[in-house]
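Chains, contacts and geometry: an overview
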Amino acid sequence: MMLSRYYSLIDIGTQHEPESKIRKIRMLNVLSLLTILISFVYTANYIFVLNEIVAAQYNAILTLAYVSVFILSFFHQHKAAKVTYFLAILWHVFLCTNLFFTKESGFHFYYFLVPMGALLIFDLNERFLKTILSITAAVLFLYCENTPNESPLILLSSTTNHLLYQSVFLINMFAIVIAFTLFSKQIEKHELELVKQATTDILTGIHNRRSFFEQGEQLLYDINKVQQNITLLLLDLDFFKHINDKHGHAVGDECLVKVASVLDKLSFKDKVCARIGGEEFALLLPQCSLQRAMLIAEKLREEIERLVITNKTDDVVKCTTSIGVSYNTNHQEDLKTLLEKSDVALYEAKDNGRNRVVSYPNMDDTC
């Protein structure tokens, strides 16, 4: 029950928002919740330990500012929620250092968390706000550090001040660890997204041409090194331009997606499957003989031929493919050479009527 309530709190304001924003909204909600809990602990301390009811009342009122962050997020006022959160921290820390206590309590060291928090929460296009808040935090820290509070609302002993100072230090250290952890995870996630974008075909979700050559060259090198066979299947959809022209690009895209799905679902260890051209696909099968590759190619051809693709009027659109198959005959070929061999076999399949499999060098072995 408690866990479900926690998740419902951190998900406030995430509905109908893009994924890139959802992460930062959740992060702000988590930080707001942690700040409320910490502020609540301080309020309880003022009441039950220090017996300072006035300070507790001030602190409780300031805590409401962090609650308002959730309200703003609920109404999707996310920039206002972020600004409110950091302004509340700046004002809260200022009052604690210059009204409640003295600088010996160490409360002004909470200002160090503002630049880190702003770096995590604000978007790249909100640099101005991040800069202003960070500069404000630095100025307020210097002011609190160099301005003695001669008449604090709560006069504490040196021992109590020292305990407060230690609590501030520990919370700062804990927050820094969390901030660096979240920041490193953000960087790692962004790197993975960039790698995926650079290596994945956007439409079909399989490897793109660049990724195929990067992985294929390494795989071919490793296979040639141990004198094992590797086969390359080169597929080209038949009359694909006619499909686009007659039925529209949406139907053509559906053909590409479904063909890619057929290739991707092929159960074969360490295979490399990619879309390397408009309607052209490549499939590398390590430790696979030419005979076995021909059987696999024929099976794929039949599966593609059976695909059910319909146009706007629910007419079935025929989708077939021609396949050229080659293998590393002398275990010295590079990927470009292997592709050229498969390409020769592919054009032989096209010339012989399409929707068939042809191997290289046995050009007469058609299926």
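The rules behind these values
Residues numbered from 1 in each chain as written. Predicted model: local features only at pLDDT ≥ 70, side-chain atom pairs only at ≥ 80, totals over all residues. Heavy atoms only, no water. Axes fitted to C-alpha atoms, helices over the stretch in contact; angles between N-to-C directions. Helix = DSSP H or I, 4+ residues; strand = E, 2+ residues; numbered from the N terminus. Parallel < 35°, antiparallel > 145°, perpendicular 65-115°, else oblique. Contact = heavy atoms within 4.5 Å. Pairing = 2+ DSSP bridges. Salt bridge = Lys/Arg side-chain N within 4 Å of Asp/Glu carboxyl O. Buried < 20%, exposed > 50% of the residue type's maximum accessible area, 1.4 Å probe, protein only. Nonpolar A, V, L, I, M, F, W, Y, C, P; charged D, E, K, R; others polar. Core = buried A, V, L, I, M, F, W, Y, C linked by side-chain atoms within 4.5 Å. Phe/Tyr/Trp six-rings, centres within 6.5 Å; stacked < 30°, edge-to-face > 60°. Lys NZ or Arg CZ within 6 Å of the ring centre and 35° of its normal. Expected span 1.5 Å × (residues − 1). Lys, Arg positive; Asp, Glu negative; His and termini not counted. Arc of directions from axis to C-beta.

What follows is about the packing of helix 8 (residues 209-225) against helix 12 (residues 335-351). Two elements in contact, helix 8 and helix 12, have axes separated by 9 Å at closest approach and are oriented at 105 degrees. It follows from the interaxial angle that helix 8 and helix 12 lie roughly perpendicular. Residues Phe-212, Phe-213, Gly-216, Glu-217 and Leu-220 of helix 8 lie in contact with helix 12, whose contacting residues are Leu-335, Lys-336, Leu-338 and Leu-339.

Below, the discussion takes up the sheet that holds strand 2 (residues 272-275). Here we have five strands laid out as an open sheet, ordered 2-3-1-4-5, and mixed in their pairing. Each end of this open sheet is capped by a strand with a single partner; those strands are strand 2 and strand 5 (357-359). Neighbour-to-neighbour, the strand axes of this sheet turn through a mean angle of 15 degrees, independent of strand direction. Strand direction decides the pairing type here: strand 1 (residues 230-237) and strand 3 (residues 280-286), joined by seven bridges, are antiparallel. Of the residues in strand 3, the one forming a bridge with Leu-233 is Leu-283.

Let's shift gears to the side chain of Thr-231. One can find Thr-231 in strand 1. Those residues in contact with Thr-231 that sit more than four places away from it in its chain are Leu-283, Leu-284, Leu-285, Cys-288, Ser-289, Leu-290, Ala-293, Ser-326 and Tyr-327.

As a further point, take the pattern of salt bridges. Overall, the coordinates contain 14 salt bridges when judged by the stated rule. When the shortest N-O distance is used, the salt bridge between Asp-236 and Lys-350 registers 2.8 Å. Of the two residues, Asp-236 is situated in strand 1 and Lys-350 in helix 12; the sequence distance between them amounts to 114 residues. Lys-350 matches Asp-236 in its accessibility class, with the two residues each being buried. Between Glu-305 and Arg-301 there is a salt bridge, with the nearest N and O atoms lying 3.3 Å from each other. Separated by four residues within a single helix, Glu-305 and Arg-301 lie in helix 11 (residues 290-305), roughly one turn from each other. What makes Glu-305 partly exposed here is its relative accessible area of 27%. When salt bridges with common partners are traced through the structure, they connect Glu-298, Arg-301, Glu-305 and Lys-318 into a single cluster.

Take the packing of helix 4 (residues 78-100) against helix 6 (residues 127-146) next. Where helix 4 contacts helix 6, the axes come no closer than 11 Å and their chain directions differ by 5 degrees. The angle between helix 4 and helix 6 places the two elements in the roughly parallel class. Residues Lys-79, Val-83, Phe-86, Leu-87, Leu-90, Phe-94, Thr-97 and Asn-98 of helix 4 lie in contact with helix 6, whose contacting residues are Leu-129, Leu-133, Thr-136, Ala-137, Leu-140, Tyr-143 and Cys-144. Residue composition of the contact of helix 4 with helix 6, by class: eleven nonpolar, three polar and one charged.

So, on to the nonpolar core. Core analysis: the biggest nonpolar cluster contains 41 residues, and Tyr-46, Tyr-85, Phe-86, Phe-101, Phe-107 and Tyr-111 have the highest contact counts within it. Contributions of two or more residues to this core are made by helix 2 (19-48), helix 3 (53-74), helix 4, helix 5 (113-121), helix 6 and helix 7 (158-199). If one sorts the elements of this core by residue count, helix 4 sits on top with nine residues. Beyond its immediate sequence surroundings of up to four residues, Phe-101 is in contact with Tyr-46, Leu-50, Cys-96, Phe-107, Asn-149, Pro-152, Ile-154, Leu-156 and Leu-164.

Let us look at the packing of aromatic side chains. On inspection of all chains with the given rule, the structure shows 19 aromatic pairs. When the centroid spacing of 5.2 Å and the interplanar angle of 55 degrees are considered together, the rings of Tyr-42 and Phe-107 count as tilted. Of this pair, Tyr-42 sits in helix 2 while Phe-107 sits in the loop between helix 4 and helix 5, and the two are 65 residues apart along the sequence. Both residues of the pair, Tyr-42 and Phe-107, count as buried. Ring centres of Phe-212 and Phe-213 lie 5.8 Å apart, and the angle between their planes is 85 degrees; on these two criteria the pair is classed as edge-to-face. Here the guanidinium or amino end of Arg-354 rests over the ring plane of Phe-239, the centre of that ring lying 4.4 Å away.

As a further point, take the pairing of strand 1. Summarising burial for strand 1: eight of the eight residues are buried, a large majority. Burial along strand 1 is two-sided: Ile-230, Leu-232, Leu-234 and Asp-236 and Thr-231, Leu-233, Leu-235 and Leu-237, pointing in opposite directions, are all buried. The sheet contact formed by strand 1 and strand 4 (residues 321-327) spans seven bridges and is antiparallel. Note on strand 4: the bridge partner recorded for Leu-234 is Gly-324.

Examined against the element boundaries, Gln-77 turns out to sit in the loop between helix 3 and helix 4. For Gln-77 and Gly-13, which are 64 residues apart along the polypeptide, the C-alpha to C-alpha distance reads 8.5 Å.

Turning our attention to helix 7. Look at helix 7: 61 Å from first C-alpha to last across 42 residues, which is about the 62 Å you get at 1.5 Å a residue. What helix 7 keeps buried is the set Asn-161, Leu-164, Val-168, Asn-172, Ala-179, Gln-186 and Thr-199. Those residues of helix 7 that are buried are in contact with helix 2, helix 5 and helix 8.

Okay, the side chain of Lys-130 next. Its location among the elements puts Lys-130 in helix 6. One buried charged residue, Lys-130, remains without a salt bridge, the closest side chain of opposite sign being Glu-126 at 7.3 Å.

Turning next to helix 5. Among the residues making up helix 5, those that are buried are Val-114, Gly-117, Ala-118, Leu-120 and Ile-121. What you see down the axis of helix 5 is that its buried residues fit within an arc of 165 degrees, all on one side. Of the surrounding elements, those touching the buried residues of helix 5 are helix 2, helix 4, helix 6 and helix 7.

So far we have only geometry, and geometry alone does not tell us how the molecule works.
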